[in-house]
Amino acid sequence: MTDSPLRPLYFDCDTGIDDALALAYLLASPEIVLAGIGTVSGNTDARQAARNTLGILDLAGREDVPVSVGSHDFLARPYDGGAPYVHGSNGVGEVSLPEPARPVADGTAADLLIRLSHEHAGALEVLAVGPLTNLAAALAQDPTLADRIAGVTIMGGAALAAGNITPVAEANIANDPEAAAAVLAAPWPVTLVPLDVTMENVFETEHRDRLLASDSPVASAVGEMLDFYMDFYTNSYGRRCSALHDPLAAAIAVGSITPVNAPAVPVVVDVTDGPGRGQTVCDLRGQRRGAFDHPGATVRVVLATDRPLADHLADRVAGTARETPTTA
């Protein structure tokens, strides 16, 4: 019996602290190979996100992964300065990363995604953990893109839970609702990982300590970043810990965490200028009957998973973050 080839994955991110933890997890995951990374404004601006990403890749010795800068502004509104109160002024909790030893790749993040979709036609998977501006731009640039993508995993939205940037809206979707609407309406299979599950998965100080104690430069750097992030989340949880937004989406994309309640349902994004702007309206009617997939729906909304993420995440990042997988 031979091993299956590694699955190529394109990672779209706005590299703040939880994006950095998700990237560390992806670098340590033998199930996939990072085919490329695009950055977008969100937690910080797209260019700073690219610098953060390159710094982490340098720590991991992964000069093979191309990084492209994507959209600075959103489709309908300009970038508004990000969330320095959550992620620090540099996006990574004021931790100093190595000055990138290489430039970003030529072209935009949308260009990179389209190119990779041709190189890995039918096999490329997409993981998006920031505003969906780059994905929407790629779809507008090449309407056939969705036909070549095996699946898209998105950290974003809130189905039954409260929002985190407004009472009803989650930050990634609320930053660019027009882009989210286009991406969720495209004819590719989407797994939406909303606040309903990400806020229930928590990284405790003991998990951070495992990263800090690791001899992996990536793990220890991310452990340092989490100090700032845990300060922010103390008000949400009443103790020093942090939600695992982007890492949970990464683990689901990799396949290490399995959704056990993820109905395929119509999802509409509110793009109005009213109080519902950015809300993901998920049609969950019928859920008390058990399985309730809606015929023709292409978006699966994750409402529960098979196990908590934190222990697995800490062990994988602390133990194997520096391993380089074989190219797919």
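Residues numbered from 1 in each chain as written. Predicted model: local features only at pLDDT ≥ 70, side-chain atom pairs only at ≥ 80, totals over all residues. Heavy atoms only, no water.

If you check an unreviewed UniProt entry, the protein appears there as Purine nucleosidase from Microbacterium resistens.

## Some remarks on the layout of surface pockets
Formally: Using a grid of 1 Å spacing that covers the protein atoms alone, one calls a set of points a cavity when a 1.4 Å probe fits there but cannot get out, and a pocket when the set is open and has protein on both sides within 12 Å along at least five of seven lines; lining residues are those with an atom within 4 Å of a point. Grid points are joined across faces, edges and corners, and a volume is the space filled by probe spheres set on the points. In this text, helices come from DSSP runs of H or I with a minimum length of four residues, and strands from runs of E with a minimum of two, each type numbered from the N-terminal end. Under the convention adopted here, Pro, Cys and the residues Ala, Val, Leu, Ile, Met, Phe, Trp and Tyr are nonpolar, Asp, Glu, Lys and Arg are charged, and Gly plus all remaining residues are polar.
By volume, the largest pocket amounts to about 530 Å³. Contributing to the lining of the largest pocket are 29 residues, with Asn43, Val86, Asn164, Ala171 and Tyr233 lying nearest its centre. With four residues, helix 10 (residues 217-237) is the single largest residue contributor to the lining of the largest pocket. In terms of residue class, the lining of the largest pocket is made up of 14 nonpolar, 10 polar and five charged. What lines the second largest pocket is Phe74, Arg77, Pro78, Asp80, Ile165, Ala174, Asn175, Pro177 and Arg277. When the residues that make up the lining of the second largest pocket are grouped by side-chain class, the tally is five nonpolar, one polar and three charged.

## As for the packing of helix 4 (residues 109-119) against helix 5 (residues 133-141)
Going by this rule: Angles here are taken between N-to-C directions and fall from 0 to 180 degrees, while the axes themselves are lines fitted to C-alpha atoms, restricted in helices to the stretch in contact. When the near helix sits turned anticlockwise from the far one by under a right angle, the crossing is termed left-handed; a clockwise turn instead gives a right-handed crossing. In what follows, residue pairs with any heavy atoms lying within 4.5 Å of each other are defined as contacts.
Between helix 4 and helix 5, the least distance of the axes is 8 Å, while the angle of their chain directions is 60°. For helix 4 against helix 5, the interelement crossing comes out right-handed. Judged by residue contacts, Ala109, Ala110, Asp111, Leu113 and Ile114 of helix 4 engage Asn134, Leu135, Ala137, Ala138 and Gln141 from helix 5. Tallied by class, the residues present in the contact of helix 4 with helix 5 amount to seven nonpolar, two polar and one charged.

## Observations regarding helix 5
For clarity, the cut-off: Whether a residue is buried, partly exposed or exposed follows from its accessible area with a 1.4 Å probe, protein chains only, as a fraction of its type maximum: under 20%, in between, or over 50%, in that order.
Every buried residue of helix 5 is listed here: Thr133, Asn134, Leu135, Ala136, Ala138 and Leu139. Tucked into the core, helix 5 has its buried residues touching strand 1 (7-13), strand 2 (32-39), helix 4, strand 4 (124-128), strand 5 (149-155) and helix 7 (177-185).

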